[in-house]
Amino acid sequence: MSVHTSEQPAPGPTRAPVPSAPPTRGRAARAGVALGLLAGCNAMVLLDESMVQIALPGMSQDLGLGPVGLGWVLNSYLLAFGGLLLLGGRAGDLLGRRKVFLAGVALFTLAAALRGAAGSGEFLIAVRAVQGVGAALATPSALALVLSMFAEGPPRKRAIAVCTAVGAASTTGGLLLAGTLSSVSSWRWVLLLNVPVGLLILLLAPLVLKETPRARGQFDLLGALLSTLGATALVLGLARVAEHPWSDLTVVGPIAAGAALFAVFVLVERRARQPVLVLRLFTDRNRIWAWAGTFAVQGALIGTGFFLVQFFPQFTDYGPLGTAFALSPIAVTMVVMSGVVVRLERIFGARRVMLAGALLLAAANLWLSRLTPEFTYASDVLAPLVVFGCGMACYVIPPMILATSRLRSDEAGAASSVHNSLQTLGASLGVAILVTVAAHGGRGAAPGQEFVAGMQASFVAGACCAAAAFLAALFVRSPASAEVPAGAEVPARDR
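What counts and how
- Residues numbered from 1 in each chain as written.
- Predicted model: local features only at pLDDT ≥ 70, side-chain atom pairs only at ≥ 80, totals over all residues.
- Heavy atoms only, no water.
- Helix = DSSP H or I, 4+ residues; strand = E, 2+ residues; numbered from the N terminus.
- Rg over C-alpha atoms; globule rule 2.2 N^0.38 Å.
- Buried < 20%, exposed > 50% of the residue type's maximum accessible area, 1.4 Å probe, protein only.
- Areas by Shrake-Rupley, 256 points an atom, 1.4 Å probe, with all protein chains shown as cover.
- Lys, Arg positive; Asp, Glu negative; His and termini not counted.
- Charge placed at Lys NZ, Arg CZ, Asp CG, Glu CD.
- Salt bridge = Lys/Arg side-chain N within 4 Å of Asp/Glu carboxyl O.
- Axes fitted to C-alpha atoms, helices over the stretch in contact; angles between N-to-C directions.
- Parallel < 35°, antiparallel > 145°, perpendicular 65-115°, else oblique.
- Contact = heavy atoms within 4.5 Å.
- Nonpolar A, V, L, I, M, F, W, Y, C, P; charged D, E, K, R; others polar.
- Left-handed = near helix turned anticlockwise from the far one by under 90°.
- Core = buried A, V, L, I, M, F, W, Y, C linked by side-chain atoms within 4.5 Å.
- Expected span 1.5 Å × (residues − 1).
- Bend = angle between axes of the 7 residues up to and from the residue.
- Polar contact = N/O pair within 3.5 Å; in protein donor to acceptor, adjacent residues only side chain to side chain.
- Phe/Tyr/Trp six-rings, centres within 6.5 Å; stacked < 30°, edge-to-face > 60°.
- pLDDT = per-residue confidence, 0-100.

Moving on: the overall build of the protein chain. From N to C terminus, the protein chain includes 15 helices and 0 strands. In summary, the protein chain has a C-alpha radius of gyration of 22 Å against a globular reference of 23 Å for 495 residues, a match within 12%. For the protein chain, the spread of C-alpha atoms along the three principal axes comes to 75 × 50 × 50 Å. Per-residue burial over the protein chain gives 53% buried out of 495 residues. By element, 67% of the accessible surface of the protein chain is carried by carbon and sulfur atoms, the whole surface being about 20,900 Å². Looking at the protein chain, you have 35 positive and 23 negative side-chain charges, and the mean spots of the two groups are 12 Å apart.

And the structure:
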């Protein structure tokens, strides 16, 4: 991969680009290590939520946490993470992406260490909120650093594919290790698994990551406050759907408040001199529809992790480790397909790959909707999970490529934070929809079959989310507009 640091071009007549010298072995090795660390951060954040879910039974027993308390262990992290993502991306642009990335990883790692020693449920919930703040700082800065290191085109596409593959592989490997630890040791050791990863990133990242130029300006405090409150309210309302009906005031109230706050936020940002959210990002058609697809597809992705991890312990003797093995085909397929998808995108264009991915996800969800306790693993689980992994790779990588293309050097952090925010809000909405559908689908089922009937209905709803993602992909231009060098000004007519 070639390494490229984006800089704003000086005003003046356009000149022919000067060919850059081929990267030396040392530069290539440094870039590879840097990419591995940034991908490791992504994997660390992705894995953490699954590890916490594995540890929930032990937390409940040792700390005396009931269902409400356990819900706040999950939601305190999501509220801080989802609420601060936009601010985290802007902080990286203004203060330096490496500095904010390292600060986020340090905060995340410290909180991960402290939660393993938690002596009360209240302390654990507070530490999880701090961990969410760290993730909100580190995640958009990590993606923005990838964008600044690798030139737009094949190098950046391969880097995005590597981050996706490492995240998938590390998640499965970590879940297997977490399942083993939960079977032979305490839940506290499960929660400490991410600490060595964070320490390794903090040790090596300063040696291989260069600081990016800071954008001139200051924080839009009003915009930051509105975006944080709006995202937090939306996530809170959607998270409560799992326990309350949509008509409940504690659900509809936060959702309505969040929508109103975001409406005011957009009005404020249109007039702000240096907004938290760069609104010109939404003038690129492909980026808009890539983000719409990213938001919609989350409902098609969330069911396997949300329902199958409950299905296997209830109706099989798999246990945590067996469940992790049963779900591992998704990650294995993702790893294999990540490089393939980059080549397919180059040949057929992002639009066709996304359409194929949506169809594969719809097929996998419909296939899993037929799952019963009398299943055969090879035909009823393994096969649809392989199809699911292929569809996921096809609908995760191309939208990220589209969303992070044709950016100015001072827009990478904002684009990264918007992409991560839409993933988080889409996942929250997806869980809310699937839980609601499952609750209605389980009514009237035979005694003992309520969960299975609800799960089957939820996978049908997941297929509908894939259909919505298919519609979003239809509006992507094909073939995509010609790529431009990173950091170059994009002509107004192409925005």
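Okay, back to it.
What follows is about the pattern of salt bridges. By the definition in use, this model includes 8 salt bridges. One salt bridge connects R280 with E411, and the closest N-O pair in it is separated by 2.4 Å. Taken together, the positions of R280 in the loop between α9 (249-271) and α10 (285-315) and E411 in the loop between α13 (377-403) and α14 (412-442) put the pair 131 residues apart, joining distant regions of the chain. A salt bridge links D284 to R406, with the nearest nitrogen and oxygen atoms 3.5 Å apart. Of this pair, D284 sits in the loop between α9 and α10 while R406 sits in the loop between α13 and α14, and the two are 122 residues apart along the sequence. With respect to class, D284 is no different from R406; both count as buried. Through salt bridges with shared partners, a single ionic network connects D48, R115 and R128.

The interhelical angle for the contact between helix α12 (residues 350-368) and helix α15 (residues 450-474), taken along N-to-C directions, is 170°, at an axis separation of 8 Å. The orientation of α12 relative to α15 falls into the category roughly antiparallel. Here α12 contributes R351, M354, L355, A358, L359, L361, A362, N365, L366 and L368 to the contact with α15, which in turn contributes F459, G462, A463, A466, A469, F470, A473 and L474. Counted by class, the contact of α12 with α15 contains 15 nonpolar, 2 polar and 1 charged residues.

What follows is about the packing of helix α11 (residues 319-348) against α13. At a minimum axis distance of 7 Å, the contact between α11 and α13 shows a crossing angle of 40°. Looking at the two axes, α11 sits oblique to α13. In this structure, the crossing between α11 and α13 has a hand that is right-handed. Residue composition of the contact of α11 with α13, grouped by class: 21 nonpolar, 3 polar and 1 charged.

This paragraph deals with the nonpolar core. L86, F265, L281, W291, M337, V341 and I397 are the most contacted members of the largest nonpolar core, which totals 44 residues. Those elements that provide at least two residues to this core are α2 (67-95), α4 (121-149), α5 (154-184), α8 (221-239), α9, α11, α13 and α14. The element that contributes the greatest number of residues to this core is α13, accounting for 7 residues. Each residue touching W291, except ones within four places of it in the same chain, is listed here: L281, F282, A403, A415, V418, H419 and L422.

Considering the arrangement of structural elements, one finds I54 in helix α1 (residues 25-63). For the pair I54 and L175, spaced 121 residues apart in sequence, the C-alpha separation works out to 8.5 Å. Those residues in contact with I54 that sit more than four places away from it in its chain are L175, A178, G179 and S182.

Here α10 spans 46 Å end to end across 31 residues, near enough to the 45 Å set by a 1.5 Å rise per residue. In the structure, α10 departs most strongly from a straight axis at I302, where the bend amounts to approximately 35°. Between a side-chain oxygen at the N-terminus of α10 and the backbone nitrogen of N286 the separation is 3.1 Å; the capping residue is D284.

With respect to the helices, strands and loops of the structure, V264 is situated in helix α9. Distance from V264 to Y377, taken between C-alpha atoms, is 50 Å for residues 113 residues apart in sequence.

Here we take up the packing of aromatic side chains. Given two aromatic rings, their pairing is described by the distance between the two centres and the angle made by the two planes. If you walk through the whole model with that rule in mind, you get 13 aromatic pairs. For the ring pair Y77 and F81, a centre distance of 5.8 Å and an interplane angle of 25° mean the geometry is stacked. Placement of the pair is Y77 and F81 together in helix α2, with a separation of 4 residues, close to one helical turn. Across this residue pair, the class does not change: Y77 and F81 are buried. Aromatic ring contacts, followed pair by pair, group F306, F307, F311, F312, F315, Y318, F375, F451 and F459 into a single cluster.

Phi is positive for R406, close to 60°, though the residue is something other than glycine. On the accessibility criterion, R406 (9% relative accessible area) is buried.

Right, let's get into the confidence of the model for the protein chain. On average, the protein chain scores 84 in pLDDT, and the residues at 70 or more come to 91%. Mean pLDDT across the secondary structure elements of the protein chain bottoms out at α5, with 79, and peaks at α12, with 97. Every residue in residues 1-21 scores below 50 in pLDDT, and together they form 37 contacts with partners more than four places removed in sequence or on other chains. Note on residues 480-495: pLDDT under 50 across the span, and 35 contacts to partners over four residues away in sequence or across chains.

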